[in-house]
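Each chain, written out:
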Amino acid sequence: MTNAKLASLMARGTEFLGCDVAIMCGAMSWVSERHLVAAISNAGGFGVIACGAMTPELLDREIAATKMLTSKPFGVNLITMHPQLFELIDVCAKHEVGHVVLAGGLPPKGSIEAIKASGAKLICFAPALALAKKLARSGVDALVIEGMEAGGHIGPVSTSVLAQEILPEMASQLPVFVAGGIGRGELIAGYLEMGAAGVQLGTRFACATESIAHPNFKKAFFRASARDAIASVQIDPRLPVIPVRALKNAGTDAFTTKQREVANLLDSGTVDMGEAQLQIEHYWAGALRRAVIDGDIEGGSLMAGQSVGMVAREEPVADIIAQLMDEAAVALERRA
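Here the structure is a predicted model, which means the values were calculated and not measured. (Residues numbered from 1 in each chain as written. Predicted model: local features only at pLDDT ≥ 70, side-chain atom pairs only at ≥ 80, totals over all residues. Heavy atoms only, no water.)

(A) Molecular detail of the overall build of the chain. When helices and strands are tallied, the chain shows 13 helices and 12 strands. Computed over C-alpha atoms, the radius of gyration of the chain comes to 19 Å, within 12% of the 20 Å expected from 2.2 N^0.38 for 336 residues, which places it in the range of a compact globule. Dimensions of the chain along its principal axes, counting C-alpha atoms only, are 65 × 45 × 40 Å. Among the 336 residues that make up the chain, the fraction classed as buried is 52%. (Helix = DSSP H or I, 4+ residues; strand = E, 2+ residues; numbered from the N terminus. Rg over C-alpha atoms; globule rule 2.2 N^0.38 Å. Buried < 20%, exposed > 50% of the residue type's maximum accessible area, 1.4 Å probe, protein only.)

(B) Highlighting the sheet that holds strand β4 (residues 99-103). An order of β1-β9-β8-β6-β5-β4-β3-β2 is seen for the eight strands of this open sheet, with the pairing classed as parallel. For this open sheet the edge positions go to β1 (23-25) and β2 (47-50), each flanked by a neighbour on one side alone. Across the sheet, the axes of successive neighbouring strands diverge by a mean angle of 25°, strand direction being ignored. Pairing geometry for β1 and strand β9 (residues 198-201), over three bridges, is parallel. Bridging from a neighbouring strand, Cys25 pairs with Leu201 of β9. Packing of helix α4 (residues 85-94) onto the sheet brings it into contact with β3 (74-79) and β4, and relative to β3 it is tilted by some 170°. Those strands touched by helix α7 (residues 159-170) are β6 (142-146) and β8 (176-179), and its axis lies near 155° from that of β6. (Pairing = 2+ DSSP bridges. Axes fitted to C-alpha atoms, helices over the stretch in contact; angles between N-to-C directions. Contact = heavy atoms within 4.5 Å.)

(C) Summary view of the packing of aromatic side chains. Using the criterion set out here, one finds five aromatic pairs in the structure. An angle of 45° between the planes, with centres 6.2 Å apart, marks the rings of Phe16 and Phe177 as tilted. Note that Phe16 is positioned in helix α1 (residues 2-17) and Phe177 in strand β8, a separation of 161 residues in sequence. Each member of the pair, Phe16 as well as Phe177, carries the same accessibility label: buried. Pairing Phe217 with Phe221 gives two aromatic rings, centres 4.7 Å apart and planes at 35°, and the pair type is tilted. Of this pair, Phe217 and Phe221 both sit in helix α10 (residues 215-223), four residues apart, roughly one helical turn. Both residues of the pair, Phe217 and Phe221, belong to the buried class. Taken together through their ring pairs, the aromatic side chains of Phe255, Tyr283 and Trp284 make up a single cluster. When the ring centre of Trp30 is taken as reference, the NZ or CZ atom of Arg289 above it lies at 5.3 Å. (Phe/Tyr/Trp six-rings, centres within 6.5 Å; stacked < 30°, edge-to-face > 60°. Lys NZ or Arg CZ within 6 Å of the ring centre and 35° of its normal.)

(D) Region of interest: α4. Burial in α4 covers these residues: Leu85, Leu88, Ile89, Val91 and Cys92. The arc that holds the buried residues of α4, viewed along the axis, is 155°, so those residues lie on one side. The exposed residues of α4 that point more than 90 degrees off its buried face are Asp90 and Lys94. Next to the buried residues of α4 lie α3 (56-69), β3, β4 and α5 (111-117). In the stretch just after α4, Glu96 is the one whose phi turns positive, near 55°. (Arc of directions from axis to C-beta.)

(E) Spatial organisation of the packing of helix α6 (residues 129-138) against α7. One way to put it is that α6 packs onto α7 with a least axis distance of 9 Å and a crossing angle of 30°. Taken together, α6 and α7 sit at an angle that is classed as roughly parallel. In this structure, α6 meets α7 at a crossing whose hand is right-handed. Contacts from Leu129, Ala132, Lys133 and Ala136 of α6 reach α7 at Glu165, Ile166, Glu169 and Met170. Counted by class, the contact of α6 with α7 contains five nonpolar, no polar and three charged residues. (Parallel < 35°, antiparallel > 145°, perpendicular 65-115°, else oblique. Left-handed = near helix turned anticlockwise from the far one by under 90°. Nonpolar A, V, L, I, M, F, W, Y, C, P; charged D, E, K, R; others polar.)

(F) Structural context of helix α13 (residues 317-335). With 19 residues, α13 extends 28 Å from end C-alpha to end C-alpha; this agrees with the ideal 27 Å at 1.5 Å per step. If you check which residues of α13 are buried, you get Val317, Ile320, Ile321, Leu324, Met325, Glu327, Ala328, Ala329, Ala331 and Leu332. (Expected span 1.5 Å × (residues − 1).)

(G) Geometry of the pairing of β6. For β6, the buried fraction is high: four of the five residues fall into the buried class. The sheet contact formed by strand β5 (residues 121-125) and β6 spans three bridges and is parallel. Looking across to β6, one finds that Phe125 is bridged to Val144. Between β5 and its parallel partner β6, the chain crosses via α6, and the hand of that crossover is right-handed. Summarising the sheet, β6 and β8 pair through four bridges and their orientation is parallel. (Right-handed = clockwise from strand over helix to strand, strands pointing away.)

Right, dumping it as structure tokens:
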């Protein structure tokens, strides 16, 4: 009976995504690639390729390679500030990708129409109620509300507050997925009961058996507690930098130095604001690669959410999803 209730609460999300379990994988650059994405989709969840700074050619190959590993639906996450955004959208259309996630700010002019022209469903991040309403009016098909507990780029408001503000207003209009700080199924059950169509998790999947992350990267997660995942600090108000949550290390301090360097270039007129922000993005992409791929856990970026303290060991994706669903089912049974 409880599993039936859980399935009923997730029905809107599973129907929208085309999968068995309304659990999306957060798009983590270098981590959310073909192996992890395919494993999550094959286990009944919804994998999402993190395009990040990929060129259209690289994304083309990544999507094709993912299709070789799974016949199940998966999505692609694109960054709004990518200089080749529309070419990336064309690549997704070529492969008939069913769901595109736009992250990093409001969709640029024409991007919503370009994505939906291929028949793809568009998912966008809504860091505030006003933006959620604006995106819904713009024709977005679903929303992700992600709180500051999440890893990687974050906003200033906690997941629990965003959920209370946005779900009662928006859940009746379109599917809303909740993300940030989710490590156990009990919380998933709570958000579903509040009206969420499903959830998105990143940190919990980063150390899955199928994740290509370096063993050093995974060990750093296993050793960490919630308080070790800290948000970066903006040092120059003239250079708006979206905070990034990662495990504190030498790379955290190096980012402060990078900000000063880019701010000086901005002051001297060497670069404009758009280029300055792209340089910051490229810094994070490089720092993350050093940690995830090369295993440099001191100088690289160990992007992690505050749920990292609940990541204790390497587990297959299927086991992680099964455990989350079991915990959610038990929680619903207790409340019945």
